[in-house]
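One letter stands for each residue in the lines below.
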Amino acid sequence: LIQFLVNLSEPIFPMSLLDELRSDSNINDFCMQALLRLTPIHYNTLIYILSFLRQVLKHTKANKLTSTKIVPLFAKCIFHYNPLAAEKLQNMRQRPYMVLNHYLTSQSFVTS
């Protein structure tokens, strides 16, 4: 799954949307609005992946996977995010992690 997502010609969640997230933004409102701005294929793919990852997190006790472990791995795939390049930009490094973690852990985005 990870290799497939990395090899997509464009990210499921465009970094251009992340550029709109400001430090004073309400993360819940931002995430909701961002979903509405995705194309239908990107929206459906993201929801499917989030649903799968939420199922994985439901079994944390057995599989030892937490959002802390999953988020960095899947942020690279979903956003085509390069953490090494983002280190140069203040605050940019945390945006993909923050958004993906919110989608996975917030009750506002229960997908399954």
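Residues numbered from 1 in each chain as written. Predicted model: local features only at pLDDT ≥ 70, side-chain atom pairs only at ≥ 80, totals over all residues. Heavy atoms only, no water.

> Residue-level account of helix α8 (residues 95–105), with values.
Helical geometry note: an α-helix holds 3.6 residues per turn, so side chains three or four residues apart project in the same direction. The buried fraction of α8 is high, at eight of eleven residues. Buried residues of α8: R95, P96, Y97, V99, L100, H102, Y103 and L104, and no others. (Buried < 20%, exposed > 50% of the residue type's maximum accessible area, 1.4 Å probe, protein only. Helix = DSSP H or I, 4+ residues; strand = E, 2+ residues; numbered from the N terminus.)

> I'd like to hear about helix α6 (residues 67–79), residue by residue, with values.
Maximum bend of α6: about 30°, positioned at L73. Looking only at α6, the buried set comprises S67, I70, V71, F74, A75, C77, I78 and F79. Close packing links the buried residues of α6 with α1 (2–6), α2 (15–18), α4 (40–58) and α8. Once α6 ends, the next one or two residues include H80, with phi positive near 50°. (Bend = angle between axes of the 7 residues up to and from the residue. Contact = heavy atoms within 4.5 Å.)

> Now, about unusual backbone geometry: what can you tell me, with residues and values included?
The residue K64 is not glycine, and still its phi comes out positive at about 60°. As for its position among the elements, K64 is in the loop between α5 (60–63) and α6.

> I'd like to hear about the environment of F52, residue by residue, with values.
Within the fold, F52 resides in helix α4. Taking the C-alpha atoms as reference points, F52 and L104, separated by 52 residues in sequence, lie 9.9 Å from one another.

> Can you lay out the side chain of H42 for me, pointing to particular residues and giving the numbers?
Inspection of the secondary structure assignment puts H42 in helix α4. Residue H42 is classed as buried on the basis of its relative accessible area of 14%.

> Can you lay out the packing of α4 against α6 for me, pointing to particular residues and giving the numbers?
Contact geometry for α4 and α6: axes closest at 11 Å, N-to-C directions at 160°. As summarised for this structure, α4 and α6 are arranged roughly antiparallel, according to the angle between their axes. Like other packed secondary-structure pairs, α4 and α6 cross with a definite hand, here right-handed. Of the residues in α6, those in contact with L46, I49, L53, V56 and L57 of α4 are S67, I70, F74 and I78. Here the residues of the contact of α4 with α6 are counted per class, giving eight nonpolar, one polar and no charged. (Axes fitted to C-alpha atoms, helices over the stretch in contact; angles between N-to-C directions. Parallel < 35°, antiparallel > 145°, perpendicular 65-115°, else oblique. Left-handed = near helix turned anticlockwise from the far one by under 90°. Nonpolar A, V, L, I, M, F, W, Y, C, P; charged D, E, K, R; others polar.)

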